[in-house]
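# Coordinate analysis (summary)
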Amino acid sequence: MTTQDQEIICEIRGAAGVVVLNRPKALNALSLGMVRELARALDAWEDDPQVERVVVSSTSEKAFSAGGDIRWLHDSGKAGRHADMLAFWGEEYILNHRIKTYPKPYISLIDGIVMGGGVGISLHGSHRIAGDRYLFAMPEVGIGFFPDVGATYALPRLPDSFGSFLAITGERVGAADAASFGLVTHAVASERMAELANALTARGGLDDILAPFAIDRGPGPLHPERTVIADAFGAPTLPEVLTRLRKAADGGSAFASKLLQTIAVKSPTSVAIAFEQMRRGATLDFAEAMRTEYRIVSRVAHGHEFYEGVRAVVVDKDQAPRWQPATLDAVRQDDIDAYFAPLGADELKLEG
């Protein structure tokens, strides 16, 4: 197999373990093979004295990684291969935990779309560097899924309830807002990303290498909406989130009005799960957050919403999902709580 054929390239260059996501036609959507190869590389590099840091980048100008392979997951579930789906999610979540706890600097060069599974292999690393084309989203509530890959831990810890806003709406965020709300640690011009990637293979202090490249993007377009976001998405219940958004909309906030329209077309079950994740996740450690997500996904794999959402968006592309139940008012808290119940012998097994 040639390098061009590999979905992910992992090799040592100088002082760095270099990871290149190389599935551009699929916007670097993660396959099980990519998950396994990255996990293998991290294992090999952890105790290798030559490797001072890990650097992850992409061959695509459009995307760092647009998520997991949801079409494969959909088709597997439809064919009754739920064990294959859960094997993928299980190994992916273990990898997310591995990255979070990795003892060496883990640097993601994110220039383009970063969503879903792509967030899972970047957000939990020590350094997250956004190029001009950076575009973050956790849009899972729109396909009957939920913000996973460690979002249960990471999003509730963002300031001003910004994580709850991202989880419940699936809204997209550019580099400036990502920097001001803590999704990224540094911003770098796209035209200098290749130069930075090369510089990171040199030995020396990481901060000294990064400093000449870092730029200040200033406040992003969501900065004026910070108060609305903090107030509405900091509400103690999901109905109260909507009440506060309606109050803001009635007061003239076009932003709040748009968000109400956005939430209204998402899976009501997914929105309720996402809210509950944000509520519970604030007090969980990372390992427990990953076990929680595995509990949820184990139920989602056997449910209705994910298959209907992927059908509407990816398979038939009619953009007309028929959610069950169809409204948030019809979602029962008991049903949501059931997604979070322990799995007993089937719990996700994490080291450390």
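Before reading on, note that the structure itself is shown above.
Residues numbered from 1 in each chain as written. Predicted model: local features only at pLDDT ≥ 70, side-chain atom pairs only at ≥ 80, totals over all residues. Heavy atoms only, no water.

In this section: the sheet that holds strand E5 (residues 106-110). Strand order in this open sheet of six strands is E1-E2-E3-E5-E7-E10, and the pairing throughout is mixed. The two strands at the open ends of the sheet, each matched to only one other strand, are strand E1 (8-13) and strand E10 (186-187). Relative to strand E3 (residues 53-58), strand E2 (residues 16-21) runs parallel, the two being bridged by six bridges. Bridge pairing links Val19 to Val56 in E3. Seen against the sheet, helix H1 (residues 32-46) touches E1, E2, E3 and E5 and runs at an angle of roughly 15° to E1. (Pairing = 2+ DSSP bridges. Helix = DSSP H or I, 4+ residues; strand = E, 2+ residues; numbered from the N terminus. Contact = heavy atoms within 4.5 Å. Axes fitted to C-alpha atoms, helices over the stretch in contact; angles between N-to-C directions.)

Let us now look at the packing of helix H6 (residues 162-169) against helix H12 (residues 254-264). Orientation of H6 relative to H12, taken along the N-to-C sense of each, is 45°, at an axis distance of 9 Å. In terms of orientation, H6 and H12 fall into the oblique class. Contact with H6, carried on its side by Phe165, Ile168 and Thr169, involves Phe255, Leu259, Thr262 and Ile263 of H12 and no other residues of that element. Tallied by class, the residues present in the contact of H6 with H12 amount to five nonpolar, two polar and no charged. (Parallel < 35°, antiparallel > 145°, perpendicular 65-115°, else oblique. Nonpolar A, V, L, I, M, F, W, Y, C, P; charged D, E, K, R; others polar.)

Time to look at the pairing of strand E7 (residues 127-130). Taking every second residue as pointing to the same face, both faces of E7 are buried, with His127 and Ile129 on one and Arg128 and Ala130 on the other. With four bridges connecting them, E5 and E7 associate as parallel partners. Bridging from a neighbouring strand, Ser108 pairs with Arg128 of E7. Judged from the two bridges that link them, E7 and E10 form a sheet pairing that is parallel. Across the sheet, Ala130 pairs through a bridge with Ala187, a residue of E10. (Buried < 20%, exposed > 50% of the residue type's maximum accessible area, 1.4 Å probe, protein only.)

What follows covers H1. Taking 1.5 Å per residue as the helical rise, H1 with its 15 residues ought to reach 21 Å, and the 21 Å between its terminal C-alpha atoms agrees with that figure. Buried within H1 we find Met34, Val35, Leu38, Ala41, Leu42 and Trp45. Along the long axis of H1, the arc covered by the buried residues comes to 130°, so they all point the same way. Against E1, E2, E3, helix H3 (82-100) and E5 lie the buried residues of H1. (Expected span 1.5 Å × (residues − 1). Arc of directions from axis to C-beta.)

Turning next to the packing of aromatic side chains. Counted by the stated rule, this structure contains eleven aromatic pairs. Judged by centre distance (6.1 Å) and plane angle (65°), the rings of Trp72 and Phe88 are edge-to-face. Here the residue Trp72 occupies a position in helix H2 (residues 70-78), and Phe88 occupies one in helix H3, the gap between them amounting to 16 residues. Residue classification places Trp72 among the partly exposed positions, given a relative accessible area of 34%. (Phe/Tyr/Trp six-rings, centres within 6.5 Å; stacked < 30°, edge-to-face > 60°.)

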